[in-house]
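Residue-level structure breakdown
Given next are the chains, with one letter for each unit.
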Amino acid sequence: MKILIINSGSSSIKYQLMVMPENEVICSGMIDRIGLETSNFTFKTANASYEELLPIPSHKVGLQKVATMLLDNERGVIKSTSEITAVGHRVVHGGSDFSDTVKIDDKVKEKIKQLFELAPLHNPANLEGINVAEEIFSSAEQIAVFDTAFHQTMPEVAYKYAIPNYLLTENKVRVYGFHGTSHKYVSEKAINYLKDNSKIITIHLGNGCSMAAVKDGKCIDTSMGFSPSNGLIMGTRAGDIDQSVIFYMIKNLGYTPDEVNAVLLKQSGMLGLTGYSDLRDIEAEAEKGNKDCQLALQMNAYRIRKTIGAYAAALNGLDAIIFTAGIGENSSFMRKLICTDLNYFGIEIDVEKNQIRSKELREINTEKSIVKVLVVPTDEEYEIANQVYHLLEV
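These lines cover the structure that appears in this document, whether it is placed above or below. (Residues numbered from 1 in each chain as written. Predicted model: local features only at pLDDT ≥ 70, side-chain atom pairs only at ≥ 80, totals over all residues. Heavy atoms only, no water.)

Digging into the packing of aromatic side chains
Note the cut-off: Here is the rule: rings of Phe, Tyr and Trp (six-membered ring for Trp) pair when centre to centre is within 6.5 Å. Planes less than 30 degrees apart are stacked, more than 60 are edge-to-face, and the remainder are tilted. Helix and strand assignments follow DSSP, with helices taken as H or I runs no shorter than four residues and strands as E runs no shorter than two, numbered in order from the N terminus. Residue exposure (1.4 Å probe, protein chains only): buried if accessible area is under 20% of the type maximum, exposed if over 50%, otherwise partly exposed. The criterion for a charge sitting over a ring is simple: Lys NZ or Arg CZ within 6 Å of the ring centre, and within 35 degrees of the ring normal.
Using the criterion set out here, one finds 5 aromatic pairs in the structure. Aromatic side chains Phe98 and Phe146 sit 4.4 Å apart centroid to centroid with 5 degrees between the ring planes, which places their arrangement in the stacked category. Here the residue Phe98 occupies a position in the loop between β6 (84-91) and β7 (102-103), and Phe146 occupies one in strand β8 (residues 141-146), the gap between them amounting to 48 residues. Residue Phe146 is classed as buried on the basis of its relative accessible area of 3%. A ring pair is formed by Tyr344 and Phe345, whose centres lie 5.5 Å apart and whose planes are at 90 degrees; its orientation type is edge-to-face. Directly above the aromatic system of Phe41 lies the positively charged group of Lys65, at a separation of 5.4 Å from the ring centroid. Over the aromatic face of Tyr159 sits the side chain of Arg174, whose NZ or CZ is 3.9 Å from the ring centroid.

The following block contains the structure:
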């Protein structure tokens, strides 16, 4: 069956058309900088690639562009949208209502909408992608795959906050975790590679960053919580911060709650520390001697190292750590910085192996390293397609 995967971000759309269960990618592409005059549209097949700069003011226009290219007489790969059996949508926040992949109906869409405030950078775009896909691919099943689902195996001791009980029982205030689609995919790849070893820490590093402790294939803890805003230092998000800072900013500095939210989500993290949100720029500036960039990279690595230590304790041992996503897969500098001074845990990386760039799973640890250090390229689109296929085949 042909499954179209749509991964809608706040200002981007990733898409991929696959044949399942053969795992054949027919085409893939991306639209970024949605809302600007110079949006970038890419479309790739096995034999050709196409790229275009054009104004794409909304996700609706972007998905219409995708449909047009899929059907294009010269470059297209289908003759009718009816060839697509299902459209799989990545949805960031599923709350406590969704622990599995589900068919989308009005009730599901309403639940996604109710969670806008908890994932303001993502859930609105996810719902927009669903609504537009229903119009364009009207004969296809619309399926939601939730980033929070993989983390639903966490024990209560890990997901419960130390706040009045009614906030959990009545208002569902708890740790949910995110990037679950990626953590699930790379942990399964690693377990298959490692065979019997089962105590793993997955480290997803991109513009958004999170970690997960995975034991016997199940998540037992994760760094993001009630929303995707806490935990590690991210591109524009502050990560963990004393809640007193929020009240201080409101009561003493004159910020409104919305302004504080904007600062912590869109003006903090690496951007707030350096003036840059893209790690490639920050690394380049650090090499030039920029002290702010050098410190920010050290802070970023330090927080990840602390979390490795915490999760090694939670797992009562450690077989492997996994680097994945844009930064985790491509930045040898950050991997080295993170793994420095972790010899107590038996973690030691090979400098030459660490420099290798590949789209395949690879070890970058030394021969004498007790803990395996793996780079596992994530494939969220495949994971979404796989879950959609199995849902429809049941």
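Here's the deal with the nonpolar core
Just so we agree on the cut-off: Nonpolar core, defined: a set of buried Ala, Val, Leu, Ile, Met, Phe, Trp, Tyr and Cys residues in which side-chain atoms within 4.5 Å join the residues together. Between two residues, a contact is recorded if the distance between any of their heavy atoms is within 4.5 Å.
Of all hydrophobic cores here, the largest spans 42 residues; its most connected members are Ile201, Ile203, Leu205, Ile308, Leu318, Ile321 and Ile347. Of all elements in the fold, only β9 (199-205), β10 (209-215), α10 (279-287), α11 (291-315), β12 (320-324), α13 (332-339) and β14 (372-375) reach the threshold of two or more residues within this core. A per-element tally of this core places α11 first, with 9 residues. Once residues within four sequence positions are removed from consideration, Ile347 is found in contact with Ile308, Leu318, Ile321, Cys339, Leu342, Ser369, Val371 and Val373. Grouped together as the second largest cluster of nonpolar side chains are 27 residues, Ile34, Ile56, Ile84 and Ala140 included.

Some thoughts on a nonpolar patch on the surface
Put simply, the rule is: Patch criteria: residues need more than 30% relative accessible area and no salt bridge. Like-charged residues are merged within 9 Å; nonpolar side chains of Val, Leu, Ile, Met, Phe, Trp and Tyr are merged within 5 Å. Here the Shrake-Rupley method, with its probe set to 1.4 Å, supplies the accessible areas, and only the displayed protein chains count as covering residues. A side-chain nitrogen of Lys or Arg and a carboxyl oxygen of Asp or Glu constitute a salt bridge if their distance falls within 4 Å.
A grouping of Tyr248, Leu253 and Tyr255 is seen on the molecular surface, where their side chains present a nonpolar patch of about 300 Å² in accessible area. The residue Leu253 is located in the loop between α7 (243-251) and α8 (257-266) in this model. Note on Leu253: relative accessible area 46%, which makes it partly exposed.

Limitation: the analysis is restricted to geometry and does not speak to function.
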